[in-house]
Each structure stands twice: as C-alpha cells, then as structure tokens.
Amino acid sequence: MTRQERAAWLFSAPVLAIIALVFVLPTALAMALSVTDYSIYALADWANLRFVGLGNFIDLFSTPLFWRAIGNTALFALLGVPMAIGASLAVALLLNDATVRWKPLWRVLLFAPYVTSIVATAVVWRFLFNERSGLINRALATVGAAPVDWLGNPHTSIPAILIFVTWKIFGYNMIVFTAALSAVPQDLMEAAQLDGAGRWGRFRHVTLPAIGPTLLLAAVMSVAGFLQIFAEPYVMTLGGPAQSTTTILYFMFDEGFKWWNLGQASAVAFVLFLMILALTLVQTRIGRRYEWL
C-alpha cells in the first residue's frame, strides 16, 4: 500500500466508521431480529428469544393490514413524488426568471417550512383542515362550496396529507433546482431562442438535460422519503379514517412499539429496505439510460 493509499484510508476511516455504525450495523441487526420472535419478553430475558426463520415474513404476508399499508404507501409515493418535485421545479424556474425581484427573500420564505418542526406544523394543518372551523373550509364557503371532512373521509385523507407534505418539503428541492438552473449554459439558451424555440422547447431540449442529474437525485430522495412517511399521518389522522392513511412505517411502529412484536417490526423494516433499494436501482438504470449518471 502506497503512502497516498494509506492517507486516503486514514481520511476516509472516520466517515466509514460512522456509516458502519449508523447504517450497516442497524441494518444487520434488523435482519437478524427479523428471523426471531424478539418481543418485550426477550427484552426482559434473552432466554425467551427464539429463532423462527421465515415465520415473521409468512405471518406478515398473510396480514391484510400489511397489504393495505403497502397500498397506502404506494399511493402516497405515486401522487406525492410528482407533486413535490413538480412544485419545487416550477417555483425554481419562476425564481430563476430575470424579471423576478427580491429573489433571496422569496427563497428564504419558501424554504422556511422545510426547517420548521414537522409535528408543530402538522398540528396547525390539522386545524386548517378541520371540517367545522378550518380556514380551508371557510374559504370554500365564501364561494358557496360545502364543507369537506378532509381528514375524516377515506377519499380525501391522503390528498389532504399530501398537500401538507408538499408544502412542508418542496423548499429543499427548490433550493437544489435553483442551484442546478444557475449552471445551465446561457449560450445554449440564447442559441435555442435564436433558432425559434419557445419556452417549452428551451426547457425540454436545454434546461431538462442540463438539470437531469439533479432531477434524478431529487426523484431518488423523494421516493425514499414518501415510502418512509410516518409523522404526518400519525399526527394528523392516527392512521385513519378506516386505516386509509396507515403506511408501512406506521404499521411497523404499531407492531414494534404498540404490540411489542419487535421481530415482526424488523421484518417490516427489512421489506421496506428492499423496496427502497429496488426502486433506487430502477431509477439508477433510468438515469444511466438518459446519461444522467
């Protein structure tokens, strides 16, 4: 090993140690617990711990609520990812326009929700969606619309939560897209404009290829984030109504910390890990196809 290689390992060692401590080790422990009946009794005495093999996964796949949670989570991701990325990109393009004034102020104001407490803001939005006294229904009443039970109706609970989640997180991707848009070659934009390309043509053939890697990063992070959604339905609906907002992570929380079935909860965590890994690999292949990686 050369001096340069030793120096590289020396500087990388702290980061690798942190990754091993906070990612590799917990993942390995969760995988190990997923094949046991680890529960509150095993917490008290490890002699109560038994190896059950694939028993947790068999029980999991035969539980209707687990499949309901997967369906709800998939719906959150299918609707939420385009909403969050679309809103972020639209606002970033708007702020990138040369005619917009006070850009730093708008960026700070729009980014502020991302750094606020998720529990506090979820409580506020729960009151905003209140059927009787919420400001949203009062606004609808001014135009003659009937009040909507946003969080009490299974058909509107997920869209209501997605509105809140989009408002909460879109500021992060907005800042990322703003930085990416500032690196778009202006000479290509001017050449496309001289060739007669309209606004949509310039965005499709110049802007989009230039911000492709950033768009891929935002998609990967957003998909992983929406598949792990938990705090929002926990605070706003407690998984209801009629389990319409019970997500995979919410189901895992109930199994692990309500029923103390930690082996089953570890199995849920492992399934979620495989789902995120598989979707990330698919997105990576798509990114390579468009030469974004």
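Residues numbered from 1 in each chain as written. Predicted model: local features only at pLDDT ≥ 70, side-chain atom pairs only at ≥ 80, totals over all residues. Heavy atoms only, no water.

Colleague: Just give me the short version of the overall build of the protein, but keep the residues and values in it.
Modeller: Across its full length, the protein holds 14 helices and zero strands. In sequence order, the protein lays out its α and β elements as α-α-α-α-α-α-α-α-α-α-α-α-α-α. Principal-axis analysis of the C-alpha atoms gives the protein an extent of 75 × 75 × 30 Å. Looking at the protein as a whole, 38% of its 293 residues are labelled buried. Contacts in the protein between residues at least 24 apart in sequence constitute 66% of all its contacts with a sequence separation of at least 6. Summed over its atoms, the accessible surface of the protein is roughly 17300 Å², and 69% of this surface lies on carbon and sulfur atoms. Mean positive and mean negative side-chain charge positions of the protein (18 and 14 charges, respectively) differ by 6 Å. (Helix = DSSP H or I, 4+ residues; strand = E, 2+ residues; numbered from the N terminus. Buried < 20%, exposed > 50% of the residue type's maximum accessible area, 1.4 Å probe, protein only. Contact = heavy atoms within 4.5 Å. Areas by Shrake-Rupley, 256 points an atom, 1.4 Å probe, with all protein chains shown as cover. Lys, Arg positive; Asp, Glu negative; His and termini not counted. Charge placed at Lys NZ, Arg CZ, Asp CG, Glu CD.)

Colleague: Can you lay out unusual backbone geometry for me, pointing to particular residues and giving the numbers?
Modeller: Note that the residue after Gly-240, namely Pro-241, is joined by a cis bond; omega there is -5 degrees. We note that Trp-260 has phi near 55 degrees; this positive angle belongs to a residue other than glycine. For Trp-260, a relative accessible area of 34% puts it in the partly exposed group.

Colleague: Which residues make up helix α14 (residues 262-289), and what are the values?
Modeller: The terminal C-alpha atoms of α14 lie 41 Å apart, and with 28 residues this matches the ideal 40 Å at 1.5 Å per residue to within 8%. With its phi angle positive at about 60 degrees, Glu-291 sits one or two positions after the end of α14. (Expected span 1.5 Å × (residues − 1).)

Colleague: Quick rundown of the packing of aromatic side chains? Include the residues and the values.
Modeller: A full pass over the atoms with the stated rule returns 21 aromatic pairs. Pairing Phe-111 with Tyr-114 gives two aromatic rings, centres 5.6 Å apart and planes at 35 degrees, and the pair type is tilted. Highlighted residues: Phe-111 and Tyr-114, both in helix α5 (residues 103-115), separated by three residues, approximately one helical turn. By way of ring pairs, the aromatic residues Phe-230, Tyr-234, Tyr-250, Phe-253, Phe-257 and Trp-260 are connected into one cluster. The side chain of Arg-101 reaches across the aromatic face of Trp-102, ending 5.1 Å from its centre. Positioned over the ring face of Phe-127 is Arg-126, at 5.8 Å from the centre of the ring. (Phe/Tyr/Trp six-rings, centres within 6.5 Å; stacked < 30°, edge-to-face > 60°. Lys NZ or Arg CZ within 6 Å of the ring centre and 35° of its normal.)

Colleague: Talk me through the environment of Trp-67; I want residue IDs and the actual numbers.
Modeller: Checked against the element boundaries, Trp-67 lands in helix α4 (residues 64-96). We classify Trp-67 as partly exposed; its relative accessible area is 46%. Among the polar contacts listed, one links the side chain of Trp-67 to the backbone oxygen of Phe-61, at a separation of 2.7 Å. (Polar contact = N/O pair within 3.5 Å; in protein donor to acceptor, adjacent residues only side chain to side chain.)

Colleague: Pulling in residues and values, what's your account of the nonpolar core?
Modeller: Nonpolar side chains in soluble globular proteins tend to be buried together. Core analysis: the largest hydrophobic core is formed by 60 residues, its most contacted members being Leu-60, Phe-66, Ile-85, Phe-129, Phe-177, Phe-226 and Met-236. The residues contacting Met-236, other than those within four sequence positions of it, are Ala-122, Trp-125, Arg-126, Phe-129, Leu-151, Ile-161 and Phe-164. (Core = buried A, V, L, I, M, F, W, Y, C linked by side-chain atoms within 4.5 Å.)

Colleague: Account for the side chain of Thr-246, naming residues and giving values.
Modeller: When you line up the elements, Thr-246 lands in the loop between α12 (231-236) and α13 (248-258). One polar contact links the side chain of Thr-246 to the main-chain carbonyl oxygen of Gly-239, over a distance of 3.0 Å. What Thr-246 contacts, discounting residues up to four positions off in sequence, is Leu-65, Arg-68, Ala-69, Asn-72, Gly-239 and Phe-251.

Colleague: An account of a nonpolar patch on the surface is requested, with residue identities and associated values reported.
Modeller: Taken together, the side chains of Met-1, Trp-9, Val-15, Leu-16, Ile-18, Ile-19, Leu-21, Val-22, Phe-23, Val-24, Leu-25 and Leu-29 present a nonpolar region at the surface, about 1200 Å² in accessible area. Tracing the backbone through its elements, the reader meets Val-22 in helix α1 (residues 3-33). Taking the relative accessible area as the measure of exposure, Val-22 reaches 58% and is therefore exposed. (Patch = residues over 30% accessible without salt bridge, like charges linked within 9 Å, V, L, I, M, F, W, Y side chains within 5 Å. Salt bridge = Lys/Arg side-chain N within 4 Å of Asp/Glu carboxyl O.)

Colleague: Account for the side chain of Ser-39, naming residues and giving values.
Modeller: Position of Ser-39 among the secondary structure elements: in the loop between α1 and α2 (40-44). If sequence neighbours within four positions are ignored, Ser-39 has contacts with Trp-260 and Leu-262.

Colleague: Can you tell me about the packing of helix α8 (residues 157-181) against helix α11 (residues 212-227), naming the residues and giving the values?
Modeller: Between α8 and α11, whose axes approach to 11 Å, the crossing angle comes to 155 degrees. When the axes of α8 and α11 are compared, the pair comes out roughly antiparallel. Where α8 crosses over α11, the handedness of that crossing is right-handed. Only Thr-214, Leu-215, Ala-218, Ser-222 and Phe-226 of α11 make contact with α8, whose side of the interface consists of Leu-162, Val-165, Ile-169, Asn-173, Val-176, Phe-177 and Ala-180. (Axes fitted to C-alpha atoms, helices over the stretch in contact; angles between N-to-C directions. Parallel < 35°, antiparallel > 145°, perpendicular 65-115°, else oblique. Left-handed = near helix turned anticlockwise from the far one by under 90°.)

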